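# Coordinates in review
Now for the letters of each chain:
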Amino acid sequence: MAKRVKQLPQDRGTILFDVVFEDGSRASNRRVPMEILSGLDGDQPARELIEQQEAEIAEKAGRPPRAIQGLTRAAKPEPKLARD
């Protein structure tokens, strides 16, 4: 039986971002839909979406939202074989 290969996030329509916050903490692989990144604004729409996500997470956790210091696209991961 042939092994099935998992789709990469880019193949599913999302881009992964690594986020560094002003307090020095880091969040990896935050997903952002490709559709919002197609304009001339570069990665600014991704930053706004991640700020909204962080505000929602902070509200649920009962803490103030963390300020974003930097935002970079994550390296494209190697495809993995799916488990049967």
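For the structure itself, look to the data block above.
No experiment lies behind these values; they were computed from the predicted model shown.

With that settled, the discussion passes to helix H1 (residues 44-61). Between its first and last C-alpha, H1 extends 26 Å over 18 residues, near the 26 Å set by a 1.5 Å rise per residue. Among the residues of H1, Pro45, Ala46, Ile50, Glu54 and Ala58 are the ones counted as buried. Of the surrounding secondary structure, the elements contacted by the buried residues of H1 are strand E1 (14-21), strand E2 (26-33) and strand E3 (68-73). Remark: Gly62 follows H1 within two positions and exhibits a positive phi of approximately 75°.

Quick look at the side chain of Arg30 now. Position of Arg30 among the secondary structure elements: in strand E2. Under the relative-accessibility criterion, Arg30 is labelled buried at 13%. Discounting chain neighbours no more than four positions away, the residues touching Arg30 are Ile15, Leu16, Phe17, Val19, Phe21, Ile50, Gln53, Glu54, Ile57 and Arg66.

Enumeration over the complete set of coordinates arrives at six salt bridges. The salt bridge involving Asp18 is made with Arg26; its shortest N-O contact spans 3.2 Å. Using a relative accessible area of 14% as the deciding quantity, one classes Asp18 as buried. Among the residues examined, Arg26 registers a relative accessible area of 56% and is labelled exposed. A salt bridge links Arg30 to Glu54; the shortest N-O distance between them is 3.0 Å. Placement of Arg30 in strand E2 and of Glu54 in helix H1 is noted, with a sequence separation of 24 residues between them. For the pair Arg30 and Glu54, one class covers both residues: buried.

Right, let's get into the sheet that holds E1. In space, the three strands of this open sheet follow the order E2-E1-E3, with antiparallel pairing throughout. Each having just a single partner strand, E2 and E3 make up the two edges of the open sheet. The mean inter-strand angle of the sheet, taken between neighbouring strand axes irrespective of direction, is 30°. Summarising the sheet, E1 and E3 pair through five bridges and their orientation is antiparallel. Bridge pairing links Phe17 to Arg73 in E3. Sheet strands touched by H1: E1, E2 and E3. Its angle to E2, the strand with the most contacts, is close to 115°.

Analysis parameters
- Residues numbered from 1 in each chain as written.
- Predicted model: local features only at pLDDT ≥ 70, side-chain atom pairs only at ≥ 80, totals over all residues.
- Heavy atoms only, no water.
- Helix = DSSP H or I, 4+ residues; strand = E, 2+ residues; numbered from the N terminus.
- Expected span 1.5 Å × (residues − 1).
- Buried < 20%, exposed > 50% of the residue type's maximum accessible area, 1.4 Å probe, protein only.
- Contact = heavy atoms within 4.5 Å.
- Salt bridge = Lys/Arg side-chain N within 4 Å of Asp/Glu carboxyl O.
- Pairing = 2+ DSSP bridges.
- Axes fitted to C-alpha atoms, helices over the stretch in contact; angles between N-to-C directions.

Keep in mind these numbers describe shape, not what the thing actually does.
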